[in-house]
Amino acid sequence: MTPSIRIGYMLGDGIGPEIVPVAREIVDAALAASGAAPLEWVDLPMGLPAIEEFGSPMPPSTVEALETTEGWVLGPFDNGSYPASWKAKGERVPGATLRKHFDLYANIRPSRNREGVASIKPDVDLVFVRENTEGFYPDRNMFFGNGEFKPTDDVALLVGVFTRPAIHRIAVRAFEMAMSRRKHVTAVHKSNVMPTVFGMFLEECRKVAADFPEVVFDDVLFDAAAAYLVRNPQRFDVIVTENLFGDTLSDLAGEIVGALGLSAALNASDTHAMAQAAHGSAPDIAGLGIANPVGMILSAAMLVEWLGQKHSDETLTRAARLIDEAVDAALARGVQTGDLGGSATTRQFTEAVLAELSAPGGQR
Ligand code: ATP
C-alpha cells in the first residue's frame with residue numbers, strides 16, 4: 001500500500017534515540033496488522049544534534065518540514081544540557097516552539113492502571129485535558145518574548161495569561177472527550193486565591209457544560225485535587241485545567257498508576273497533533289538500553305487514533321487499539337522495565353509487544 005499520511009519523526013535527546021524508533025517500529029507493525037496504509041515517516045533534526053548542526057534545537061527547517069505533515073512524534077529534549085551560548089539566546093525549548101507555532105492547545109494525558117503493573121491505587125482511569133498555550137507557563141503565553149522578567153537582580157516577575165477563547169476551546173475538548181467516557185468533567189482551579197482568573201475559567205467551563213447536559217460537571221481546587229488524586233483518584237474521569245496545574249497533577253497521576261515512564265500524551269490543535277511522552281529525557285539512564293518505551297509507544301498510538309478520527313479511517317483507529325492491547329498484554333505477562341520493578345531491557349519489551357501484535361490474538 002502507498003503511504004498516504006506524512007508524519008514527522010524526531011529522536012531528541014537522552015533516551016529519545018532508544019524509545020522513539022521503538023514507537024515507530026510498533027506503529028508500523030500495528031498498521032500492518034490492522035490493514036491500514038503505512039505512514040510516510042519524515043526524519044527531522046531536533047535537540048542537541050540539531051544545535052550542533054543548525055544552532056537551534058528546533059531549527060526553522062524542521063518547523064517548515066512539519067508544516068507539510070499532519071502530525072509528528074517528538075522525542076524528549078534535555079535543554080539543561082544545551083550549551084550556554086544557546087541558553088543566552090532565550091529561545092523556547094523544542095516542545096514549546098512547536099506548541100506555539102502550531103497552536104497545539106490541547107494536551108491530552110491519560111492515566112489508568114494496567115494489569116500486572118504495581119500501582120499506588122487500583123481502578124484509576126482518568127484523563128487530563130490540559131490547556132497548553134497560556135496560563136502560568138511564560139515560555140508560551142506571550143505574543144513576543146517571554147513572560148518572565150527580572151527588573152533587578154533581586155526581583156523576578158512572572159506573567160500568567162488567561163483568555164476566554166482559550167478556556168472555552170479546552171473546555172469543549174474536555175466535554176467532547178467525556179461523552180465517549182464516563183461523562184464526568186472536573187475543572188481544577190484556584191479560584192479562592194485567584195478569583196478573577198479562575199472565576200473566568202469556571203464561568204467558561206460552566207457555559208460549555210450547559211451545552212453537554214448529559215455530562216456531570218464539578219470543580220475542585222488545585223491543592224484539593226492533589227489530595228484527591230492520592231486518596232481517591234477513582235473520583236475523576238476527565239480533568240480540565242490550566243497549563244502548570246495540568247503538568248504537575250498529570251505527573252502525579254502517572255506515578256499513582258505505576259510510573260512516569262508509562263505516561264502518554266498528545267498535543268493537538270484542530271489540524272495537527274504531536275505525540276510526546278509525558279516524561280523527560282531521563283539523562284541518568286540514557287544509552288543503557290533500559291528505558292521504558294511505554295509512554296512513547298502509547299503517545300504514538302494516541303497520534304494514530306487522532307489520525308483515525310480525523311480521516312474517519314477505522315483501520316487507523318483499530319491500529320491504535322491493537323497497540324494499547326499489545327502493551328497491556330506484554331506488561332501483564334510481566335515483561336517490564338526496571339522503573340516498574342522488572343528486569344526487561346527496552347529491546348526485550350519491544351520484542352514482547354511486537355510478538356503480541358503478530359500473534360493471532362493480536363488480530364482483533
Ligand atoms: P523534564 O524536566 O524534561 O520533564 P525531568 O528531569 O523532570 O525531565 P525525567 O527526565 O522525566 O525528569 O526523569 C525523571 C526520573 O524518571 C529519572 O530518574 C528518570 O530516569 C526516570 N524516567 C523518566 N522517564 C523514564 C523512562 N521512560 N523509563 C525509565 N525511567 C524514566
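Here the structure is a predicted model, which means the values were calculated and not measured.

Parameters and conventions
Residues numbered from 1 in each chain as written. Predicted model: local features only at pLDDT ≥ 70, side-chain atom pairs only at ≥ 80, totals over all residues. Heavy atoms only, no water. Helix = DSSP H or I, 4+ residues; strand = E, 2+ residues; numbered from the N terminus. Buried < 20%, exposed > 50% of the residue type's maximum accessible area, 1.4 Å probe, protein only. Contact = heavy atoms within 4.5 Å. Areas by Shrake-Rupley, 256 points an atom, 1.4 Å probe, with all protein chains shown as cover. Lys, Arg positive; Asp, Glu negative; His and termini not counted. Charge placed at Lys NZ, Arg CZ, Asp CG, Glu CD. Pairing = 2+ DSSP bridges. Axes fitted to C-alpha atoms, helices over the stretch in contact; angles between N-to-C directions. Near = heavy atom within 4 Å. Polar contact = N/O pair within 3.5 Å; in protein donor to acceptor, adjacent residues only side chain to side chain. Nonpolar A, V, L, I, M, F, W, Y, C, P; charged D, E, K, R; others polar. Phe/Tyr/Trp six-rings, centres within 6.5 Å; stacked < 30°, edge-to-face > 60°. Lys NZ or Arg CZ within 6 Å of the ring centre and 35° of its normal. Core = buried A, V, L, I, M, F, W, Y, C linked by side-chain atoms within 4.5 Å. Domains from an automatic or database assignment. Buried area = accessible area lost by both parts, 1.4 Å probe.

Engineer: Explain the overall build of the protein chain to me, using residue names and the numbers behind them.
Structural biologist: Each helix and strand counted, the protein chain has twelve helices and twelve strands in total. The principal-axis extents of the C-alpha atoms in the protein chain amount to approximately 55 × 50 × 40 Å. Within the protein chain, buried positions represent 54% of all 364 residues. A fraction of 74% describes how many contacts in the protein chain between residues 6 or more apart in sequence connect residues 24 or more apart. In the structure as shown, the protein chain presents an accessible area of about 15000 Å², 56% of it carried by carbon and sulfur atoms. In the protein chain, the 31 positive side-chain charges and the 47 negative ones have mean positions that sit 4 Å from each other.

Engineer: So what about the sheet that holds strand E11 (residues 266-268)? Which residues, and what values?
Structural biologist: Taken in spatial order, the ten strands make up an open sheet running E2-E1-E3-E12-E11-E4-E5-E10-E8-E9, and their pairing is mixed. Edge positions in the sheet fall to strand E2 (39-43) and strand E9 (216-221), since each of these pairs with one other strand and no more. Each strand axis lies, on average, 25 degrees off the axis of its neighbour in the sheet, ignoring direction. Here strand E5 (residues 125-131) pairs with strand E10 (residues 238-241) via four bridges, running parallel. Paired with Val-127 across the bridge in E10 is Val-238.

Engineer: Any details on the site of the ligand? Residues and values, ideally.
Structural biologist: Taken together, Ile-15, Leu-260, Gly-261, His-279, Gly-280, Ser-281, Ala-282, Asp-284, Ile-285, Ala-291, Asn-292 and Asp-339 make up the full set of residues near the ligand. Contact between the ligand and Ser-281: an oxygen atom at 3.3 Å from a main-chain N or O atom of the residue. Residues that form the shell around the ligand fall into these classes: five nonpolar, five polar and two charged.

Engineer: With reference to specific residues and values, describe the packing of aromatic side chains.
Structural biologist: Applying the stated criterion across every chain yields a total of 13 aromatic pairs. For the ring pair Phe-136 and Phe-198, a centre distance of 6.3 Å and an interplane angle of 55 degrees mean the geometry is tilted. On the criterion of sequence distance, the pair formed by Phe-136 in the loop between E5 and strand E6 (148-152) and Phe-198 in helix H7 (residues 195-210) is long-range, its members being 62 residues apart. Like Phe-136, the residue Phe-198 is buried in the burial classification. Joined through ring pairs, the aromatic side chains of Phe-136, Phe-162, Phe-198, Phe-201, Phe-222 and Phe-245 make up one cluster. Taking the ring centre of Phe-236 as reference, the NZ or CZ of Arg-235 above it sits at 4.9 Å.

Engineer: Quick one: what's the story with the nonpolar core, residue by residue and with numbers?
Structural biologist: Core analysis: the biggest nonpolar cluster contains 95 residues, and Leu-303, Val-327 and Phe-349 have the highest contact counts within it. When residues of this core are assigned to their parent elements, the largest contribution, eleven residues, is made by helix H10 (residues 294-310). Here this core spans two domains, since at least three of its residues come from each of domain 1 (1-102 + 292-364) and domain 2 (120-256). Those residues in contact with Phe-349, other than ones at most four positions away along the chain, are Pro-293, Val-294, Ile-297, Val-327, Ala-330, Leu-331, Val-335 and Ala-344.

Engineer: Give me the domain arrangement of the protein chain: which residues, what numbers.
Structural biologist: By the assigned domains, the protein chain splits into domain 1 (1-102 + 292-364) and domain 2 (120-256). Here the C-alpha centroids of domain 1 and domain 2 sit 25 Å apart. Summed over both sides, the interface of domain 1 with domain 2 buries roughly 560 Å², with 32% coming from carbon and sulfur. Ranking the residues of domain 1 by area buried against domain 2 places Arg-92, Arg-99 and Lys-100 at the top, with a combined share of 76%. Our enumeration of links across domain 1 and domain 2 arrives at one residue pair in polar contact (both at pLDDT 80 or more). Residues of the side of domain 1 that touches domain 2, tallied by class, amount to one nonpolar, no polar and three charged.

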